[in-house]
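Summary of the model geometry
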Amino acid sequence: MSLRQWFERNGDRRYIMFGGKGGLGKTTFSAATAYWLARQGHRVLVFSVDPQASLSDIFERDIFGKGAVKIVDNLWAQEIDADSNIKAYQQEVRKKIVDMYGFEHIPEEIEQYIQAASAEPAMEESAIFDAVVDIVVKGDYDYYIYDLVPLGHALYYLSMAKVYDEWINRITQLREQMREHEEMVARIKRQKVTEEDQILHELQYIKGRINQSSSILTDKERTAFFFVVVPEQMIILDTEKATELFSRFDVPIAGYVVNRVLPEELARQRVPPYLQNRLAVQSHYLEQIKHTFGDRLVGSVPELERDVTGLPMIEKLAAIMYGDGRG
Ligand SMILES: Nc1ncnc2c1ncn2[C@@H]1O[C@H](COP(=O)(O)OP(=O)(O)O)[C@@H](O)[C@H]1O
Ligand SMILES: [Mg+2]
């Protein structure tokens, strides 16, 4: 099956992700796919949470932290600025403290604490998380192309959701046990019950937010995850490992796309030994890729004459990946 056939047959899958190690072509494929889908008449948002602002590079527009920026008809791109989201959080926390305790301004020690807390990696994750949920929940688009940062990140969301799940299940259990014994326990226990309820409420809220985002990653009806691979030993091995891991987290893997394939016709021409050798090595790994991923291989993209930046190159790549739209 080709990528194009895949999209034609899977019209319900509206959250599209390309995953894989850094530098393989995730952002490039995300942009080309978004461009092609927009050309087909769908409203498309391609968005990124990567602080290494790469959609700005590929579209040659400064879109970082500017919300959804229109690129061409039907196509919007967005780069989430986690830092400014964290600043907004800090502001919110300050306001709550001032309101709660009736301070004129934030005491120095508390300010220091707020600053320190914001430097925590978890804070950035959570700011990104919130932004993604907000974007997706609004539902303004037909397609969401999620330009992922390297593998681990996506998994982090999933594992976090699982951890919260377990946590909340335990608390719910405790709470139910307490209910059962309620008639036997003294008032002091009741106090405890109320506290548990508050914690539960808070946790459920957080869990709800996280689940919205991670459930998208695992929604078999609406999400498709494509792995980008290149014909190299290490990458093939890594992709196999990642496949196993992702399957364990129920990520709906839709297929594999090979990138940076040197044109095969070179092999039939007189080329220097260096290139001959590269081609031989490549054809070995292409065989291995076919053998390993089989019918889940949905595309093969050649190494182009230059890097893919700017609309003409994106259009060119989209035509290679999806056909020129005429047939
Ligand atoms: N098929 C290709 N031909 C030529 N350059 C490519 C191709 N695919 C990707 N590139 C270039 O490789 C670099 C890395 O691609 P990118 O999409 O940013 O990777 P990732 O998002 O996975 O880190 C970019 O400069 C991009 O233009
Ligand atoms: Mg990228």
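Before going into details, it helps to say that this report is about the structure given with it. (Residues numbered from 1 in each chain as written. Chains lettered and ligands numbered in written order. Predicted model: local features only at pLDDT ≥ 70, side-chain atom pairs only at ≥ 80, totals over all residues. Heavy atoms only, no water.)

This next bit is on the overall build of the protein chain. Scanning the protein chain from terminus to terminus reveals eleven helices and eight strands. Split into buried and exposed, the 327 residues of the protein chain put 45% on the buried side. Partitioning the contacts of the protein chain with sequence separation of at least 6, the portion at a separation of at least 24 is 75%. (Helix = DSSP H or I, 4+ residues; strand = E, 2+ residues; numbered from the N terminus. Buried < 20%, exposed > 50% of the residue type's maximum accessible area, 1.4 Å probe, protein only. Contact = heavy atoms within 4.5 Å.)

Below, the discussion takes up the packing of helix H2 (residues 26-39) against helix H11 (residues 311-322). With their axes 8 Å apart at the nearest point, H2 and H11 run at an angle of 80 degrees to one another. Considering the angle they form, H2 stands roughly perpendicular to H11. In contact with Thr28, Phe29, Ala31, Ala32, Thr33, Tyr35, Trp36 and Arg39 of H2, H11 contributes Leu311, Ile314, Glu315, Leu317, Ala318, Met321 and Tyr322. Of the residues that constitute the contact of H2 with H11, the class distribution is eleven nonpolar, two polar and two charged. (Axes fitted to C-alpha atoms, helices over the stretch in contact; angles between N-to-C directions. Parallel < 35°, antiparallel > 145°, perpendicular 65-115°, else oblique. Nonpolar A, V, L, I, M, F, W, Y, C, P; charged D, E, K, R; others polar.)

With that settled, consider the site of ligand 1. The immediate surroundings of ligand 1 are formed by 17 residues, with Gly23, Lys26, Thr27, Thr28 and Val308 found nearest. Backbone polar atom of Leu304 to a nitrogen atom of ligand 1: 2.9 Å apart, as the coordinates give it. In the model, an oxygen atom of ligand 1 is placed 2.8 Å from a nitrogen or oxygen of the Val308 main chain. Contact with the protein chains covers 81% of the free accessible surface of ligand 1, which is 560 Å². Elements with a minimum of two residues in the shell around ligand 1: H2, strand E7 (253-261) and strand E8 (297-302). Tallying contributions element by element places H2 first for the shell around ligand 1, with three residues. In terms of residue class, the shell around ligand 1 is built from five nonpolar, six polar and six charged. (Near = heavy atom within 4 Å. Polar contact = N/O pair within 3.5 Å; in protein donor to acceptor, adjacent residues only side chain to side chain. Areas by Shrake-Rupley, 256 points an atom, 1.4 Å probe, with all protein chains shown as cover.)

This model, assessed by the stated rule, comprises nine salt bridges. Residue Arg39 is joined to Glu315 by a salt bridge in which the shortest nitrogen-to-oxygen separation is 3.6 Å. Of this pair, Arg39 sits in helix H2 while Glu315 sits in helix H11, and the two are 276 residues apart along the sequence. Look at Glu315 and you get partly exposed, because its relative accessible area is 37%. Salt-bridge contacts for Asp62 lead to Lys66; the nearest nitrogen and oxygen are separated by 3.0 Å. Each member of the pair, Asp62 as well as Lys66, carries the same accessibility label: exposed. (Salt bridge = Lys/Arg side-chain N within 4 Å of Asp/Glu carboxyl O.)

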